[in-house]
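These are the residues of each chain, in order.
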Amino acid sequence: MTQTFPVQRTCPFAPPSEYEEMREQAPLVRASLPGGDVWLVTRHAEAKQVLSGTGISTSPESPGHPNWAFRAEQPGPEERAAMRAFAVGHFIDLDPPEHNRFRRLLIPEFTVRRIKELRPGIQRLVDDLIDDMLAKGGEAELVEAFGLALPSLVICQLLGVPYEDHEFFQSRTREAFADLNDRDASRRAMMEIREYLDDLVTKAEADPRDDLIGRVIESGQLTHDELVGVTFLLLVAGHETTANMIPLSVLTLLRHPGQLAALRADPDGWPMAVDELLRYLSIVDWVAFDRVAVEDQEIGGQLVRKGEGIFVLGASANRDERAFERPDEFDAARGARNHVAFGYGVHQCLGQNLARAEMEIALRTLFERLPGLRVTVPDEELPIKRTAPIFGLTALPVTW
């Protein structure tokens, strides 16, 4: 059986129903795309094997990389050259040892200690946003007023992006990830972000400040184009994912009032709850988990040949009953840090400590300060991002 791919989500709280069928079928399932077939990894153990394994490449330059399979007509030399130039500094698409050069440079900016230093600033931003919501009345649209706003403010501070520009990159990021099927609009938005950041880095090089960009400039270890690419990655990844997770997490917790009450009574439980939300919602499913075999190997009893593309289905792996008891149930006290929402292995998300801190502070403070918070429309009327590569809600109207 060959599976059609990708499959759209239809429920805010669950991956596509087809994933369960595929997991039961096999740990690796063949999928048909316009440019050829790829392997889909459906189970947790095999997901970790692929994401951390040798003989596996993440680079789009590796023959057979699955990203090209979405196109029936392959790009010509000029388009490939343009895409290669745009991707300079995108270290998530590089294999070791080149990937390690970037990661070693950036790790100090995202350690547990560094994020602990940032927490008071994040708390102030969260309080300011809630103050603003309260000042405007008894209702709000939570995606715009809180979910999108907080990560924008945090990443502005982290990178040294002027606050007055945050609406620009917020709108461009939203356009870039709005619809998987509208590649032209996505490409235009990404180019606009890249051009903006090119100018920002140029100004920072003339006058480095004590922020992430300034410290990387002072290190002298990256070229101008590499730093622009790194900044692009951090801006987009650090904004879009958390911006989608916060409103969807609010909705999930409101649908589990008993567990929410327990968290209110014992705030020490929030870190575990955040990891369970990451596992349960899995908003980054397969888009960051594209790989290709660079040597013949066996994965889950299946021979995968050199040059065959692979997509790890993160949302399926995080619902695998072989790894998680009652995986389709939300359990805020589960403590399931073995999820793959942030990936696994050498490419595991660099900003995961920051994302956890933002979610924990945002959710805890929101429910503490707005104890009567509730959604004003039924779940079935909430607009969800059916065709977006990163899942989420486009709106969440609330009152308190």
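Each remark here, short or long, concerns the structure printed above.
Quick look at the structure, then.

Parameters and conventions
- Residues numbered from 1 in each chain as written.
- Predicted model: local features only at pLDDT ≥ 70, side-chain atom pairs only at ≥ 80, totals over all residues.
- Heavy atoms only, no water.
- Helix = DSSP H or I, 4+ residues; strand = E, 2+ residues; numbered from the N terminus.
- Rg over C-alpha atoms; globule rule 2.2 N^0.38 Å.
- Buried < 20%, exposed > 50% of the residue type's maximum accessible area, 1.4 Å probe, protein only.
- Contact = heavy atoms within 4.5 Å.
- Salt bridge = Lys/Arg side-chain N within 4 Å of Asp/Glu carboxyl O.
- Pairing = 2+ DSSP bridges.
- Axes fitted to C-alpha atoms, helices over the stretch in contact; angles between N-to-C directions.
- Parallel < 35°, antiparallel > 145°, perpendicular 65-115°, else oblique.
- Nonpolar A, V, L, I, M, F, W, Y, C, P; charged D, E, K, R; others polar.
- Phe/Tyr/Trp six-rings, centres within 6.5 Å; stacked < 30°, edge-to-face > 60°.
- Right-handed = clockwise from strand over helix to strand, strands pointing away.
- Patch = residues over 30% accessible without salt bridge, like charges linked within 9 Å, V, L, I, M, F, W, Y side chains within 5 Å.
- Areas by Shrake-Rupley, 256 points an atom, 1.4 Å probe, with all protein chains shown as cover.
- Lys, Arg positive; Asp, Glu negative; His and termini not counted.
- Charge placed at Lys NZ, Arg CZ, Asp CG, Glu CD.

What to know about the overall build of the protein chain
Here is step 1 of the chain: Regarding its fold elements, the protein chain presents 15 helices and eleven strands.
Here is step 2 of the chain: The C-alpha atoms of the protein chain give a radius of gyration of 21 Å, which matches the 21 Å a tight globule of 400 residues would have.
Here is step 3 of the chain: Once the C-alpha set of the protein chain is aligned to its principal axes, its extents read approximately 60 × 55 × 35 Å.
Here is step 4 of the chain: Of all 400 residues assigned to the protein chain, the portion counted as buried reaches 53%.
Here is step 5 of the chain: Taking as baseline every contact in the protein chain between residues at least 6 positions apart, the subset at least 24 positions apart corresponds to 73%.

Digging into the pattern of salt bridges
Here is step 1 of the chain: Evaluation of the coordinates by the stated rule reveals 30 salt bridges.
Here is step 2 of the chain: Measuring nitrogen to oxygen at the nearest pair gives 3.2 Å for the salt bridge that ties Asp199 to Lys203. Residue Asp199 and its partner Lys203 are both found in helix 9 (residues 183-206); the two are separated by four residues, about one turn of the helix.
Here is step 3 of the chain: Residue class for Asp199 comes out partly exposed when judged on its relative accessible area of 39%.
Here is step 4 of the chain: What emerges from the salt-bridge pattern is a single network uniting Arg23, Glu24, Asp320, Glu321 and Arg322.

Here's the deal with the sheet that holds strand 11 (residues 397-399)
Each strand in a sheet pairs with another by means of backbone hydrogen bonds, the pair being arranged parallel or else antiparallel.
Here is step 1 of the chain: Taken together, the three strands give an open sheet; going across it, the order is 5-11-10, and neighbouring strands pair in antiparallel fashion. At either end of the open sheet lies a strand with only one pairing partner, and these are strand 5 (139-141) and strand 10 (374-375).
Here is step 2 of the chain: With two bridges connecting them, strand 10 and strand 11 associate as antiparallel partners. Of the residues in strand 11, the one forming a bridge with Arg374 is Thr399.

Section: the sheet that holds strand 4 (residues 56-57)
Here is step 1 of the chain: Across the sheet, six strands lie side by side as 1-2-3-9-6-4; this open sheet has mixed pairing. Because the sheet does not close on itself, it has two edges, and the strands there are strand 1 (3-4) and strand 4.
Here is step 2 of the chain: In this sheet, strand 9 (residues 309-312) lies alongside strand 3 (residues 36-41) in parallel orientation, the contact comprising three bridges. Bridging across to strand 9, Leu40 finds its partner in Phe311.
Here is step 3 of the chain: Along the sheet face, helix 2 (residues 44-52) touches strand 2 (28-33), strand 3, strand 4, strand 6 (290-293) and strand 9 and points at about 125° away from the line of strand 9.

Section: the packing of helix 11 (residues 224-254) against helix 13 (residues 270-281)
Here is step 1 of the chain: The interhelical angle for the contact between helix 11 and helix 13, taken along N-to-C directions, is 100°, at an axis separation of 11 Å. Relative to helix 13, the element helix 11 lies roughly perpendicular. Residue-level contacts link Met245, Leu248, Ser249, Thr252 and Leu253 of helix 11 to Trp270, Leu277, Leu278, Tyr280 and Leu281 of helix 13.
Here is step 2 of the chain: Broken down by class, the residue content of the contact of helix 11 with helix 13 amounts to eight nonpolar, two polar and no charged.

A closer look at the packing of aromatic side chains
Here is step 1 of the chain: In total, this model carries ten aromatic pairs according to the counting rule given.
Here is step 2 of the chain: Geometrically, the ring pair formed by Phe5 and Trp286 is edge-to-face, given 5.1 Å between the ring centres and 65° between the ring planes. Residue Phe5 is found in the loop between strand 1 and helix 1 (18-25), and its partner Trp286 is found in the loop between helix 13 and strand 6; the two are separated by 281 residues along the sequence. The pair formed by Phe5 and Trp286 is uniform in burial state, with each residue classed as buried.
Here is step 3 of the chain: Between Phe91 and Phe102 the ring centres are 6.0 Å apart and the planes differ by 10°, which places this aromatic pair in the stacked class. Of this pair, Phe91 sits in the loop between helix 3 (77-86) and helix 4 (98-106) while Phe102 is found in helix 4, placing the two residues eleven residues apart along the sequence. With respect to burial, Phe91 and Phe102 carry one shared label: buried.
Here is step 4 of the chain: One aromatic cluster is present, formed by Phe5, Phe70, Trp286 and Phe311 through successive ring pairs.

Notes on the pairing of strand 2
Here is step 1 of the chain: As judged from the two bridges shared by strand 1 and strand 2, these two strands associate in the parallel manner. The partner of Gln3 across the bridge, within strand 2, is Ala31.
Here is step 2 of the chain: As for the winding sense of the linkage, the β-α-β connection from strand 1 through helix 1 to strand 2 is right-handed.
Here is step 3 of the chain: Sheet topology places strand 2 next to strand 3; six bridges connect them, and they run antiparallel. In the strand pairing of strand 3, Leu28 is matched with Val41.
Here is step 4 of the chain: Between the end of strand 2 and the start of strand 3, which pair antiparallel, lie two residues.

Considerations on the environment of Val29
Here is step 1 of the chain: Checked against the element boundaries, Val29 lands in strand 2.
Here is step 2 of the chain: A relative accessible area of 2% means that Val29 is categorised as buried.
Here is step 3 of the chain: Spatially, the C-alpha atoms of Val29 and Thr42 are 7.4 Å apart, while their sequence positions differ by 13 residues.

Observations concerning a negative patch on the surface
Here is step 1 of the chain: Among the surface-exposed residues, Glu195, Asp198, Glu205 and Asp225 lie close enough to one another that they form a single negatively charged patch.
Here is step 2 of the chain: Top element by residues in the negative patch is helix 9. It accounts for three residues.
Here is step 3 of the chain: Locating Asp225 in the fold gives a position in helix 11.
Here is step 4 of the chain: By relative accessible area, which is 41% here, Asp225 ends up partly exposed.

Take it as geometry only, folks, not as evidence of what the structure does.
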